[in-house]
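These are the residues of each chain, in order.
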Amino acid sequence: MATHVLHPVGRRRKPARRKATRLDEHLPVDHRLSQVYRVGAGLMGLLLVAFGILGLIDRIGFFDTGGDTVAGLSTNGALSILSICVGLLLFVGMVIGGNFASTLNMVLGIAFILSGFVNLALLDTGMNFLAFHMQNVLFSFVVGLLLMMFGMYGRVSGGLPHDNPYWRARHPEQVSREERRALAPMPEVAKPKRL
């Protein structure tokens, strides 16, 4: 009964719902963060395409697990073609840029890390179709972390500057307060009279 007095049924306030943020709308096409996403996608794509092409040049069998190495990493035809395909996908992200490149970098970074764990479990089994060795697992982890770093740069952080479009999308109330403060006229200071 006392709860009805403190919280009347008719006056319940609904908690304000946050709108889902569509970050694609908040990053201008020419924003400087887009360059970071493009560079990250391009560098990792170049690295993977080069590795894949070197693996195909050696004419290694498609599912050969004989331990052929290219640039210190074991490879076979399947891994070479997969590397080229992922590298070309990263080049597409580099060309498009913006949030697409950022999201692609993050998704592929997570995929590389998961691939590292899966192939770590398959190292000494007959299911190791991509001819992974421990150096390939470590390479997969490093590439995954680098891709995630490039994808999350300026997008996921506790200390984003207030002009960052992602910060502005997540804090619309504070943005409107800061804009009102910036538009408010500054009071004039009276000049002291000279004697």
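Residues numbered from 1 in each chain as written. Predicted model: local features only at pLDDT ≥ 70, side-chain atom pairs only at ≥ 80, totals over all residues. Heavy atoms only, no water.

What is the right way to read a nonpolar patch on the surface from this model?
A cluster of nonpolar side chains, L89, V92, I96 and F100, forms an exposed patch at the surface whose accessible area comes to about 330 Å². Among the elements that make up the nonpolar patch, the one with the highest residue count is helix α3 (residues 77-96) (3 residues). Along the chain, V92 falls in helix α3. (Patch = residues over 30% accessible without salt bridge, like charges linked within 9 Å, V, L, I, M, F, W, Y side chains within 5 Å. Areas by Shrake-Rupley, 256 points an atom, 1.4 Å probe, with all protein chains shown as cover. Salt bridge = Lys/Arg side-chain N within 4 Å of Asp/Glu carboxyl O. Helix = DSSP H or I, 4+ residues; strand = E, 2+ residues; numbered from the N terminus.)

Can you help me understand the packing of helix α4 (residues 98-121) against helix α5 (residues 134-152) in this one?
What describes two packed helices is the angle between their axes and the distance between those same axes. Packing of α4 against α5 brings their axes to within 7 Å, and their N-to-C directions diverge by 160 degrees. Viewed along their axes, α4 and α5 adopt a mutual orientation that is roughly antiparallel. Of the two possible hands of crossing, α4 and α5 adopt the one that is left-handed. Taken together, the residues of the contact of α4 with α5 break down into 16 nonpolar, 9 polar and no charged. (Axes fitted to C-alpha atoms, helices over the stretch in contact; angles between N-to-C directions. Parallel < 35°, antiparallel > 145°, perpendicular 65-115°, else oblique. Left-handed = near helix turned anticlockwise from the far one by under 90°. Nonpolar A, V, L, I, M, F, W, Y, C, P; charged D, E, K, R; others polar.)

Before we go on, may I ask you to explain the nonpolar core in this structure?
Within soluble globular proteins, side chains that are nonpolar tend to cluster in buried spots. In terms of nonpolar packing, the biggest core is built from 11 residues, these being F51, V70, L73, A78, L79, I113, L130, F132, V137, F141 and M148. Secondary structure elements with two or more residues in this core: α3 and α5. Non-local contacts of I113, meaning those with residues more than four positions away in its chain, are made with S140, F141, G144, L145 and M148. (Core = buried A, V, L, I, M, F, W, Y, C linked by side-chain atoms within 4.5 Å. Buried < 20%, exposed > 50% of the residue type's maximum accessible area, 1.4 Å probe, protein only. Contact = heavy atoms within 4.5 Å.)

Help me out: how do you make sense of α3 in this one?
Given 3.6 residues per helical turn, the α-helix brings residues three or four places apart onto the same face. The end-to-end C-alpha separation of α3 is 29 Å, in line with the 28 Å expected for 20 residues at 1.5 Å each. Among the residues of α3, G77, A78, L79, S80, S83, I84, V86, G87, L90 and G93 are the ones counted as buried. Looking at the residues trailing α3, positive phi occurs at G97, about 70 degrees. (Expected span 1.5 Å × (residues − 1).)

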